[in-house]
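# Remarks on the overall topology
One letter stands for each residue in the lines below.
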Amino acid sequence: SVPYRQDMPPAGGFEAVKYKRNLPFRGPGGLVVLAGVTSICAYGFYRLGMGNLERRELEREKIWSRLHLVPLLLAEGDRDAYRRQQAALEREREIMKDVKGWEVGKDVYNNPRYRPSNPIVVL
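These numbers come from a predicted model, not from an experiment.

As a further point, take the overall build of the chain. In terms of helices and strands, the chain carries 1 helix and 0 strands. By its C-alpha atoms, the chain is 160 × 30 × 20 Å across when sized along the principal axes. The 123 residues of the chain split such that 0% are buried. When the accessible surface of the chain is split by element, carbon and sulfur atoms take 60% of a total near 12,600 Å². Between the centroid of the 21 positive side chains of the chain and the centroid of its 15 negative side chains there is a distance of 11 Å.

As annotated in UniProt, the feature "coiled-coil region" (unreviewed entry) corresponds to residues 72-99 in the numbering used here. Summarising residues 72-99: 86% helix, 0% strand, and an end-to-end C-alpha distance of 40 Å.

Next up on the list: helix α1 (residues 30-95). In this model, α1 (66 residues) spans 91 Å end to end at C-alpha, consistent with the 98 Å of a helix rising 1.5 Å per residue. Within α1, the axis deviates most sharply at L69, by approximately 35°, and proline P71 lies no more than four positions further along.

On to the UniProt feature "transmembrane region" (unreviewed entry) in the chain. According to UniProt, the feature "transmembrane region" (unreviewed entry) maps to residues 27-46 in the numbering used here. Between the first and last C-alpha atoms of residues 27-46 the distance is 28 Å; the span itself is 85% helix and 0% strand.

With that settled, the discussion passes to a nonpolar patch on the surface. Nonpolar side chains collect at one region of the surface, where Y43, Y46, M50 and L53 lie side by side and expose about 440 Å² of accessible area between them. Here Y43 lies in helix α1.

Conventions adopted
- Per chain, the residues get numbers from 1 upward, laid out in the order the sequence is written.
- Since the coordinates come from a predicted model, pLDDT governs what is reported: local features require at least 70, and pairs of side-chain atoms require 80 or more to be given and counted, while whole-chain, interface and lining totals use all residues.
- Note: side-chain values were computed over all heavy atoms of the structure, leaving out hydrogens and water.
- Starting at the N terminus, helices and strands are each numbered in turn, a helix being any DSSP run of H or I of at least four residues and a strand any DSSP run of E of at least two.
- Buried residues are those whose accessible area, probed at 1.4 Å on protein chains only, stays under 20% of the maximum for their type, while exposed residues exceed 50% and partly exposed ones sit between those limits.
- All accessibility values rest on the Shrake-Rupley procedure with a 1.4 Å probe; residue burial counts only the protein chains present in the view.
- Just so you know, the count uses Lys and Arg for positive and Asp and Glu for negative, and it drops His and the chain ends.
- Think of each charge as sitting on NZ of Lys, CZ of Arg, CG of Asp or CD of Glu.
- UniProt positions are given in the numbering used here, feature names are shortened, and annotations may be inferred rather than shown by experiment.
- A helix is expected to span 1.5 Å for every residue after the first.
- Across the chain, bend at a residue is computed as the angle between axes fitted to the seven residues ending at that point and the seven starting from it.
- Like charges are joined within 9 Å and nonpolar side chains (Val, Leu, Ile, Met, Phe, Trp, Tyr) within 5 Å, but only among residues with over 30% relative accessible area and no salt bridge; these make up the patches.
- Salt-bridge detection follows one rule: a side-chain nitrogen of Lys or Arg within 4 Å of a carboxyl oxygen of Asp or Glu.

Next comes the structure, spelled out in structure tokens:
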């Protein structure tokens, strides 16, 4: 019969038993994510601040442009009012030409003081 022979490991031994889980790379670490979020927030606040400065400058420019346009608009309004008043006097003169003793443009309240028709509001 065959002589007894004990089963032995191969030369160099068996390969290591793979018992650890083979998990894939799950992304950057917590500190990297925290640094990324912090930098994005810092950049956002920087842009917000720059936008606020620009908006404030545009608002200041709008206010100053309105302040500088007020005299021009007043003069245009006065010229328009004068032109309309002269046209109204001409119409009155034409309509009332047959009435004796009629004074064109005489105020019924007998007050020569000039009162502008619309008040000025500067916002």
